[in-house]
Amino acid sequence: MAGLLSLAATLPLQAANESVATTQSHSQQNAIESRIQSLLAQMSVQEKIGQLALRDWGTFKAEDMKDIKQAIREGRVGGFLNVNFSSVDNNAFEELQRLAVEESPRGIPLLFGQDVIHGYETIFPIPLGQAASWNPELIRNGARIAAQEASADGIRWTFAPMIDISRDPRWGRIAETLGEDPLLTSILGVAMVEGFQTDNLSDPTSLAACGKHFAGYGAAEGGRDYNSAYIPERLLRDIYLPPFKAGIDAGMQSIMSTYSSLNDVPGTGSPFLFKQILRDEWGFDGFVVSDWNAVMEMIPHGYARDAKHAAALAANAGIDMEMHTDTYEQFLARLMDEGEFTEAQLDTAVANILRVKLRLGLWENPYPRAKTPAEREQIIRNDQFLNAAKEAAKETFVLLKNDKQLLPLKKGQTVALIGPLADAPHEQMGTWVYNGNKEHSRTLLPALRAMVGDKGKILYAAGLEYSRDTSTRGFKAAIKAAKKADVVLFVGGEEAILSGEGHSRGDIRLPGAQAQLLAELAKTGKPLAMVLMAGRPLQLDQTLEQADAVMMAWHPGTMAGPALAEVLYGETSPSGRLPLSWPVGAGQIPIYYNHLPTGRPATDDNYTRIEKIGREVFQHQPGNSSNLLDYGHKPLFPFGYGLTYSEFHYSELELSDSTLDADGQLHVSATITNTGKRTATETVQLYVRDLVGSVSRPVRELKGFERITLAPGESRRVSFTLKANQLAFHNAQMQQVIEPGEFHVWIAPDAESGLQGSFTLQ
């Protein structure tokens with residue numbers, strides 16, 4: 001079976017003006033365009049501007065209801081976000097939609113959107129955790145389940161996927177990303193789009209997907225949210241934009257602007273992004289929405305003088321729909337009178353929104369699918385969905401260390417379960433969980449007891465009440481439990497609130513007194529396994545040495561407990577791989593695998609670490625290379641890294657030829673053998689390096705991957721097909737080029753190892 005190669009190999013890249021229609025025929029598209037023109041001809045300017053208004057239901061109070069309902073009747077609202085299901089008020093979704101469909105002048109349905117990021121009520125692992133699965137089908141299935149649940153309530157639009165590339169774990173929103181690599185993010189982002197939208201947008205269970213944040217949000221300086229981003233255009237086009245282009249080619253219906261500025265221009269006011277790239281170059285015909293309050297935030301950015309100026313900047317940049325704020329409602333008509341905006345531009349923005357509403361079939365199916373609480377109960381959190389969330393979580397856990405094969409645990413052992421996140425139903429769900437309920441979360445403590453079948457074998461003492469707890473009052477009970485046990489299992493990391501929007505950290509070590517507690521547990525001499533739940537990689541310091549085994553569980557969602565129990569006890573071998581580089585410490589950030597080479601690259605033996613430098617030595621004695629004396633030159637764990645309960649051997653690398661023609665293809669293969677004693681899954685990765693280019697090229701670039709499951713002793717030949725267009729990049733003139741020359745190629749288990757070959761591109 002050929003491996004996953006690239007977007008070009010895994011997705012049909014249709015012409016841009018055809019891709020967004022998915023399975024719609026040309027006649028259906030023509031019918032939609034005809035209907036749009038008919039509606040525009042009937043609509044007043046006020047009604048048109050109304051379609052651009054996305055109101056936040058969560059900001060309204062009871063006294064606002066009369067006015068907002070009247071605005072709907074007058075056609076002055078295009079959609080809502082953050083409407084919640086409630087059987088008490090006869091379902092606000094249905095009531096608001098009824099006003100639009102039955103009482104507004106043109107009967108144009110409202111579009112209901114929400115941040116359905118990694119589940120609706122059945123919560124899946126955070127997106128960064130899902131990316132650790134390297135499994136598009138897992139992500140597609142999770143999005144499909146989220147869409148089925150959300151659409152039951154009336155939501156038909158989600159503000160996902162977040163396909164920002166991020167190289168900075170200090171940034172809180174890295175938890176929502178799919179990692180640091182453009183190819184992996186593109187493939188997994190497309191899978192999420194497909195899961196939300198299906199191949200038929202008019203299916204009542206589909207959600208229109210929204211790629212965010214356009215563009216460069218993940219490059220905010222210092223990892224501080226909403227901050228400035230400076231990205232050279234070549235880097236923007238080669239690293240940060242490909243996931244958005246892939247999503248659009250796959251039919252993604254909407255795009256959200258970034259809060260940050262990009263090269264001194266707030267994203268929400270950038271014609272370069274929304275007109276030149278998105279519309280002119282890519283032919284996108286969905287709609288663009290501002291992020292929440294982002295139009296008005298161009299004022300504190302120092303880019304807009306006032307609300308009127310902000311409206312003009314956003315509208316002329318190509319922002320079709322304004323989220324939360326009402327500058328369009330207040331000023332667009334006046335701007336048109338003053339010649340600062342035209343009705344033709346307004347019609348284009350309205351058409352973009354109507355086009356998506358029509359594709360969604362909102363006229364035919366405007367109301368929630370679940371008509372009664374009983375109907376809703378049959379859909380939300382059903383057993384099939386919960387089991388899918390458990391199976392998904394199991395594939396996201398990354399085993400980072402496993403000395404002396406401490407894991408998997410044995411059921412005959414007495415386990416001291418310690419740590420602030422061992423029984424924390426809310427925290428395990430992670431960031432951006434609007435509809436998740438801790439009452440439905442299943443934690444590790446009861447799951448372990450159920451797994452062992454003997455309550456006495458699991459000795460529980462939290463030690464700390466929550467992840468930031470600095471009190472040592474619980475240490476005594478935790479140490480007592482550890483001394484009675486055969487093995488200590490510590491579950492710590494970060495609470496959910498420590499990652500996500502606005503929640504960046506300068507110090508990414510374990511918060512609170514967790515490191516102190518771990519040090520005390522290590523003194524007992526008992527074998528120590530650590531499970532981390534967090535929205536980012538954490539600085540581990542001496543903790544990594546104290547623990548015999550370390551597993552990264554991210555924030556695994558509703559079914560975290562049963563999923564962890566099954567992996568910890570070996571019913572399933574961990575199979576997750578890091579979707580980013582794990583730094584030694586915050587001072588090493590940014591660190592990412594596909595960096596450029598330097599004139600003095602560091603190696604393991606061309607410099608001296610700080611602790612080994614002699615006193616009063618000559619300036620150059622420690623060496624002069626690109627490194628940090630205290631952190632070194634490598635991450636703690638490389639991109640693509642992850643252990644299993646077995647071992648794999650790579651051998652017999654073979655290239656079908658020593659040269660690759662511009663219109664040809666090269667087959668690269670190797671034999672992968674499970675040399676261990678357990679069935680396990682390996683993610684085989686393909687990397688290349690362009691040794692000399694007209695601009696400096698990365699030391700490695702991911703070009704493909706394949707997950708394979710092998711029984712003990714089993715071997716499989718894994719083959720990748722490499723085409724010349726996969727080696728393209730933008731040169732200094734912003735031309736996408738394929739340059740002849742020498743290349744290295746690896747089939748590898750991660751970005752720092754593997755079998756190496758070479759070929760020449762002619």
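Residues numbered from 1 in each chain as written. Predicted model: local features only at pLDDT ≥ 70, side-chain atom pairs only at ≥ 80, totals over all residues. Heavy atoms only, no water.

Explain helix 19 (residues 475-484) here, please?
Each full turn of the α-helix corresponds to 3.6 residues, which orients residues three or four apart in the same direction. Of all the positions in helix 19, only Phe475, Ala478, Ile479, Ala481 and Ala482 are classed as buried. All buried residues of helix 19 fall inside an arc of 160° around its axis, so they share one side. Of the exposed residues in helix 19, those oriented more than 90 degrees away from the buried face are Lys476, Lys480, Lys483 and Lys484. Those residues of helix 19 that are buried lie in contact with strand 12 (415-418), strand 13 (458-461), strand 14 (487-493) and helix 20 (514-523). (Buried < 20%, exposed > 50% of the residue type's maximum accessible area, 1.4 Å probe, protein only. Helix = DSSP H or I, 4+ residues; strand = E, 2+ residues; numbered from the N terminus. Arc of directions from axis to C-beta. Contact = heavy atoms within 4.5 Å.)

In this structure, what is going on with the UniProt feature "domain: Fibronectin type III-like" (unreviewed entry) in the chain? I would like to understand it.
In the numbering adopted here, UniProt assigns the feature "domain: Fibronectin type III-like" (unreviewed entry) to residues 682-751. A distance of 14 Å separates the end C-alpha atoms of residues 682-751, which is 0% helix and 57% strand. (UniProt positions renumbered as here; feature names shortened; annotations may be inferred.)

Explain the packing of helix 19 against helix 20 here, please?
In a packed pair of helices, the relevant descriptors are the angle between the two axes and the axis-to-axis distance. The geometry of helix 19 relative to helix 20 is characterised by a closest axis approach of 10 Å and an angle of 35° between their N-to-C directions. Handedness of the helix 19/helix 20 crossing: right-handed. Residue-level inspection shows Phe475, Ala478, Ile479 and Ala482 of helix 19 in contact with helix 20, the latter providing Gln516, Leu517, Glu520 and Leu521. When its residues are assigned to classes, the contact of helix 19 with helix 20 shows 6 nonpolar, 1 polar and 1 charged. (Axes fitted to C-alpha atoms, helices over the stretch in contact; angles between N-to-C directions. Left-handed = near helix turned anticlockwise from the far one by under 90°. Nonpolar A, V, L, I, M, F, W, Y, C, P; charged D, E, K, R; others polar.)

Would you mind showing me how to read the pattern of salt bridges here?
All chains considered together, the criterion is met by 47 salt bridges. A salt bridge links Arg73 to Glu103; the shortest N-O distance between them is 2.7 Å. Taken together, the residues Arg73 in helix 5 (residues 65-73) and Glu103 in helix 6 (residues 92-103) connect sequence positions 30 residues apart. Glu103 sits in the partly exposed class, given a relative accessible area of 33%. Close ionic contact of Asp168 with Arg170 constitutes a salt bridge, the shortest N to O distance being 2.7 Å. Neither residue differs from the other here; Asp168 and Arg170 are each classed as buried. Overlapping salt bridges bring together Arg73, Glu95, Arg98, Glu102 and Glu103 as one network. (Salt bridge = Lys/Arg side-chain N within 4 Å of Asp/Glu carboxyl O.)

What am I meant to see in the packing of aromatic side chains here?
A ring pair, where both rings are aromatic, is described by two values, the distance of the centres and the angle of the planes. Applying the stated criterion to the full structure yields 20 aromatic pairs. Between the aromatic rings of Trp432 and Tyr434, the centroid separation amounts to 5.8 Å while the plane-to-plane angle is 55°, which identifies the pairing as tilted. When its relative accessible area of 18% is taken as the criterion, Trp432 is described as buried. Aromatic pair Tyr593 and Phe639: ring centres 4.5 Å apart, planes at 15°, arrangement stacked. Placement of the pair is Tyr593 in the loop between helix 22 (560-568) and strand 17 (648-655) and Phe639 in the loop between helix 22 and strand 17, with a sequence separation of 46 residues. Considered together, Tyr593 and Phe639 belong to a single accessibility category, that of buried residues. (Phe/Tyr/Trp six-rings, centres within 6.5 Å; stacked < 30°, edge-to-face > 60°.)

I keep staring at unusual backbone geometry and nothing clicks. Help me out?
One can expect most non-glycine residues to show negative phi and most peptide bonds to be in trans. Across the junction of Ala160 and Pro161, the peptide omega takes the value 10°, indicating a cis bond. Inspection of the secondary structure assignment puts Pro161 in the loop between strand 4 (157-158) and helix 9 (182-197). The linkage connecting Leu407 with the following residue, Pro408, adopts the cis geometry, with an omega of 5°. Note on placement: Pro408 falls in the loop between strand 11 (398-402) and strand 12. Positive phi outside glycine occurs at Glu616, with the angle close to 55°.

What am I meant to see in the nonpolar core here?
Considering soluble globular proteins, one finds that nonpolar side chains tend to be buried as a cluster. Ranked by size, the top nonpolar core spans 129 residues in total, and within it Phe80, Trp157, Phe214 and Ile255 carry the most contacts. Ignoring anything within four residues of it in the chain, the contact list for Trp157 reads Leu54, Leu111, Phe112, Gly113, Gln114, Leu207, Ala208, Cys210, Ser254, Phe287, Val289 and Met321. The next biggest cluster of nonpolar side chains, apart from the first, holds 45 residues, and it includes Ile418, Ala485, Ala513 and Ala534. (Core = buried A, V, L, I, M, F, W, Y, C linked by side-chain atoms within 4.5 Å.)

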